[in-house]
Amino acid sequence: MIRTENVYFTYPSGVTALQGVSVEIEDGEFVAIMGENGAGKTTLVKHFNGLLKPERGEVFVDGRNTKESSVAELSRDVGLVFQNADHQLFCETVEEEVSFGLRNFGFGDKVVRKRVDWALELLDLRRYQKRSPFMLSGGERKRVALASVLAWNPKVVVLDEPTTGQDHGQKERLSQFVRQLNAQGRTVILVTHDIEFVAECGPRVILMSRGRIIADGPAKEILTNSKLVTEASLIVPQITQLFIMLGDLGLPGDVIDIYEAKRLINDFVGG
Amino acid sequence: MKALEGMRFKRTSSPMHRLDPRVKFVVSCAVFLLGIMFTELLPLIVLLTSQLFLVYFARVHKEWLQSLRGSLVLVAVIFLTNLIVGYASAGFRLTSNVLTYSVSMALRFVTLVASFSVFFLTTSPDDLGLALERSHFPYEFSFAFTTAVRFVPVLADEAQTIIDAQRSRGLEVEKGSFVKRIRNYLPILIPLIVNAIRRSLELAEAMESRAFGAKKHRTNLFVLKIKAADYIALAVVLVVLAVSIYIRLYVHIPVIAIPTF
C-alpha cells in the first residue's frame, strides 16, 4: 500500500510542484493520475519509489517511510517506467537491457534467464532478443523499457505517459495489457492525460491540478463531471460528450463505456 | 561544477548588462592584463577591490561569489605550490617574501577568474553570438558557440531524468569498488550521448528547413551599436590601462609584506 500524507515538494528551481497531497493507494488497485501539464503528476509518482523525498509531509510504501529507504530498495516493490524509453536504453541487446534491473537487484543467473525470457514473451519481444534496442521502432523501444521493469515483478507498476507516440493498435494492446497486469493482482498506476484511454480502462481516477488533488473516485464518476475535468485542462470523453448532448432525450450523461452506450442507444431506439 | 555555475549568464538588468558585449570583453581583457602585469600585493588588492565594485554594480554578486567558492580548491593549490617551492628554494625557511608572494599569486588567480566571470554573467549568449559575428568570426562558428551554450541547461535536465530512470531500475552509482563506480556511469552516459547525437541531427534538419546558410550575408533583428556609455567605459579602461603601464615601468610600488610568525 502506498500512502502519502500532506506532501509538499518544491524543485530547486523554485517551482512548487506539490502542495499538500494526501492519497492512499491499496494493493491491487488500478489508478489513473490525470491532470494538466505541470499539475504535479510525475512529481507525485517520483515520490512513490523515493526518487524525490517530500519536503514536508510523509510517504509510506508498505509501511516504510521513503525518507528512510533507498531508491533501490523501494524500486524493488514499486517499478517506475519513464515516459521516454530513450532515457534508459543503453545496452547492446534487448536481452541485456531487460536483465539490467534483475542484476542490480542481485538475482542469480538462473533466475535472471528465466525472468528475462518471461518478460520478453510477455511483451512480444522474443524475436528482438539479440537486437540492439537502438535499432527498434519507438513503440518497440517503449515495450523494451516496460519489459525491463516488469522483469523483476514489482508489486506496483507505475507507467508515466504510456500512450504518447503510440498508434491506435498499440494503445489497444497496451490497454489490454495493463488490465491484465492488474487482474493478476498488481497495483497499476497510470500517469496520463489521455482521457479516452482511461475511459476505456475504467480505473479509479485521481485528478490533479496545480499541485493539488481536486478529485478522486471511479472513472465513471470523475470523467463525466465536465466542471472537474475542465478544471484539470482536460475534456470529457467523446462518448460522454455525445450523451450529455443527448440529455434532453432522457439518456444518462454519465456514460464512458462504448458497450454500455451501445446498449443504452439500442434500448432507446428499440423501446 | 560550481565554478562553471558562476560563469552562466543571469538575466537581470544593470548598466553592466546593457554595455556592448565587445566593450565588456575589452574590460575583462584589460583586468586580465592588469592581473598578469603585477605580482605585488598592493596593486592586486586594488584590482580585486575595483572588481568588487564592478560585480556589485552588475548585481551578480551572489553568482560571482559562487564561482569564487568553486575555484577555491585551485586557489589553495596555487597558494600551496608557491609556498612549498618558495620555502624549498629559500633554504627551507619560511620568509616573509615567500609568504607575500604566495598570497599575491593566489589573489592574482582570483582576479583572473573574477574578470571573466563578470563577463559571462552579464553577457547573454545571444549578445555573445552577435559580438562574435560583428567581430568577423564566421557565422557557423558563432552559431555553434551560442548553440553549445544554449543546450547546457537542456543537457543537465536530461542527465537528471536519465539518472532518475536508471536509479528506478536499481542502479546505485555510489556502490562498489572504484572501477565498478566508473562502470556505473555507463548507463547514464550512453543514453545521454545517444540522445545528444540524435538531437544534433534533428537540429541540423530543422536548420536546413529554415534555410541555414542560404545567403552569404545575414541580417540581424538586433544590431549591436556602441553607445555613449560604451565609449565612456572604453575610455576609462584605456586610461586605467595606460596609467598602470606607466606605474609598472616608472613608479616604485610600495611593498606590503606579510609578517611570518
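Residues numbered from 1 in each chain as written. Chains lettered and ligands numbered in written order. Predicted model: local features only at pLDDT ≥ 70, side-chain atom pairs only at ≥ 80, totals over all residues.

**Side note on the sheet that holds strand β4 (residues 56-61) of chain A**
Residue and element names in this part refer to chain A.
For step 1, the next point in the chain: Within the open sheet, the 4 strands sit side by side as β2-β1-β4-β5. Their pairing is antiparallel. Looking at the sheet topology across the chains shown, the edges are occupied by β2 (16-25) and β5 (64-65).
For step 2, the next point in the chain: For strand β1 (residues 2-10) and β4, the ladder comprises 5 bridges, and the chain directions are antiparallel. Considered in β4, the bridge of Arg3 is made with Phe60. (Pairing = 2+ DSSP bridges. Helix = DSSP H or I, 4+ residues; strand = E, 2+ residues; numbered from the N terminus.)

**Structural notes on the domain arrangement of chain A**
Residue and element names in this part refer to chain A.
For step 1, the next point in the chain: Split by domain assignment, chain A resolves into domain 1 (2-236) and domain 2 (237-271).
For step 2, the next point in the chain: Spacing between the C-alpha centres of domain 1 and domain 2 amounts to 32 Å.
For step 3, the next point in the chain: Each partner contributes to the interface: domain 1 provides 9 residues, whereas domain 2 provides 8 residues.
For step 4, the next point in the chain: Contributing elements (two or more residues each) for the side of domain 1 that touches domain 2: α7 (195-201) and α8 (219-222).
For step 5, the next point in the chain: Counting residues per element, the side of domain 1 that touches domain 2 draws most heavily on α7, at 3 residues.
For step 6, the next point in the chain: Looking at side-chain class alone, the side of domain 1 that touches domain 2 contains 5 nonpolar, 2 polar and 2 charged residues. (Domains from an automatic or database assignment. Contact = placed C-beta atoms within 7 Å. Nonpolar A, V, L, I, M, F, W, Y, C, P; charged D, E, K, R; others polar.)

**Observations regarding the nonpolar core**
For step 1, the next point in the chain: By size, the foremost hydrophobic cluster in this structure holds 83 residues, and its most contacted members are Ile33(A), Ala147(A), Val158(A) and Leu223(A).
For step 2, the next point in the chain: In terms of residues, this core owes the most to one element, helix α5 (residues 138-150) of chain A, which gives 6 residues.
For step 3, the next point in the chain: Core analysis: the second largest hydrophobic core is formed by 22 residues, Val23(B), Leu41(B), Ala58(B) and Ala114(B) among them. (Core = buried A, V, L, I, M, F, W, Y, C linked by C-beta atoms within 7 Å. Buried ≥ 20, exposed ≤ 12 C-beta atoms within 10 Å, placed from the backbone.)

**Details of the environment of Arg103(A)**
Residue and element names in this part refer to chain A.
For step 1, the next point in the chain: Position of Arg103 among the secondary structure elements: in helix α3 (residues 94-104).
For step 2, the next point in the chain: Using a count of 15 C-beta atoms within 10 Å as the deciding quantity, one classes Arg103 as partly exposed.
For step 3, the next point in the chain: Taking the C-alpha atoms as reference points, Arg103 and Asp167, separated by 64 residues in sequence, lie 33 Å from one another.

**Examining the interface of chain B and chain A**
For step 1, the next point in the chain: At the interface, 17 residues of chain B touch 20 residues of chain A.
For step 2, the next point in the chain: Among the elements of the structure, α9 (139-167) and α11 (186-209) of chain B are those that each provide at least two residues to the side of chain B that touches chain A.
For step 3, the next point in the chain: Across the side of chain B that touches chain A, the residue classes tally to 8 nonpolar, 5 polar and 4 charged.

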